[in-house]
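Topology and contacts: notes
For reference, the chains in residue letters:
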Amino acid sequence: MSTSPDQPRRRGVVAVITRHERFLVIRRSQWVEAPRTICFPGGGIEDAESEEAALAREIREELSVDVTAQQRIWESITPWNIHLAWWSARLPDDAPLVPNPAEVESVHWWTIPKMLDAADLLQSNRAFLAALSAGQIPWKP
């Protein structure tokens, strides 16, 4: 199936997880798309996979932990034409985060200002933070 330039070429999910007013963010490994950039965890949705199932699978693959998708809070289409579904997700308080080195170089808990100061923050994450700060997303960290 071909897509027109106006149709997203892929679909993905993003997990928005907070703890003590800090966001869970990762530095991508050098072996994935957009290498070594900072972003919220997440990834592609496979054929016939729900957004919730993709979110759980991607976080398990990246950080070896199970999360619970709570609510779809935003959607966007990236400048590189990927349709993203942004989900708030719950991580057990005592869950250890074990990065998969093939996908994740490091794991961090950052505030919004710290994220915005990161020169290597993915542009789609900047757009999310701008919408969140502008009150366009019905959710508070």
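Whatever comes next refers back to the structure up there.
On to the overall build of the chain. Along the backbone of the chain there are three helices and eight strands. Listed N to C, the secondary structure of the chain is β-β-β-β-β-α-β-β-β-α-α in terms of helices and strands. Here the C-alpha radius of gyration of the chain, 14 Å, is about what a compact globule of 141 residues would show, namely 14 Å. Considering only residue pairs separated by 6 or more positions, the chain has 63% of its internal contacts joining residues 24 or more positions apart. For the chain, the exposed surface amounts to about 7700 Å²; the carbon and sulfur share of it is 50%. Across the chain, the centroid of the 15 positively charged side chains sits 5 Å from that of the 19 negatively charged ones.

Further remarks concern the environment of S50. Topologically, S50 is positioned in the loop between β5 (42–44) and α1 (51–63). With 37 residues separating them in the primary sequence, S50 and V13 have C-alpha atoms 9.8 Å apart.

With that settled, the discussion passes to the pattern of salt bridges. In this structure the tally under the stated criterion is eleven salt bridges. Notably, a salt bridge pairs R11 with E51, separated by 3.7 Å at the nearest N-O pair. Here E51 lies in helix α1 and R11 lies in strand β1 (residues 10–16), a separation of 40 residues in the sequence. Exposure remark for R11: the relative accessible area of 42% places this residue in the partly exposed category. Overall, E51 belongs to the buried group, its relative accessible area being 13%.

In total, this model carries six aromatic pairs according to the counting rule given. Note on F40 and W86: the rings are 5.8 Å apart at their centroids and 85° apart in plane angle, and the pair reads as edge-to-face. You can see F40 sitting in the loop between β4 (38–39) and β5 and its partner W86 sitting in strand β7 (residues 82–90), a full 46 residues away along the chain. The exposure class of F40 is buried, given its relative accessible area of 4%. Take W86: its relative accessible area is 0%, and that puts it in the buried class. Arranged with centres 4.6 Å apart and planes meeting at 5°, the rings of W86 and F128 form a pair that is stacked. Of this pair, W86 sits in strand β7 while F128 sits in helix α3 (residues 123–133); the two residues are 42 residues apart in sequence, bridging distant segments of the chain. Connected via pairs of aromatic rings, a cluster forms that spans F23, F40, W74, W86 and F128. The cationic tip of K114 hangs over the ring face of W110; the distance from NZ or CZ to the ring centre is 5.0 Å.

Rules used in this analysis
- Residues numbered from 1 in each chain as written.
- Predicted model: local features only at pLDDT ≥ 70, side-chain atom pairs only at ≥ 80, totals over all residues.
- Heavy atoms only, no water.
- Helix = DSSP H or I, 4+ residues; strand = E, 2+ residues; numbered from the N terminus.
- Rg over C-alpha atoms; globule rule 2.2 N^0.38 Å.
- Contact = heavy atoms within 4.5 Å.
- Areas by Shrake-Rupley, 256 points an atom, 1.4 Å probe, with all protein chains shown as cover.
- Lys, Arg positive; Asp, Glu negative; His and termini not counted.
- Charge placed at Lys NZ, Arg CZ, Asp CG, Glu CD.
- Salt bridge = Lys/Arg side-chain N within 4 Å of Asp/Glu carboxyl O.
- Buried < 20%, exposed > 50% of the residue type's maximum accessible area, 1.4 Å probe, protein only.
- Phe/Tyr/Trp six-rings, centres within 6.5 Å; stacked < 30°, edge-to-face > 60°.
- Lys NZ or Arg CZ within 6 Å of the ring centre and 35° of its normal.

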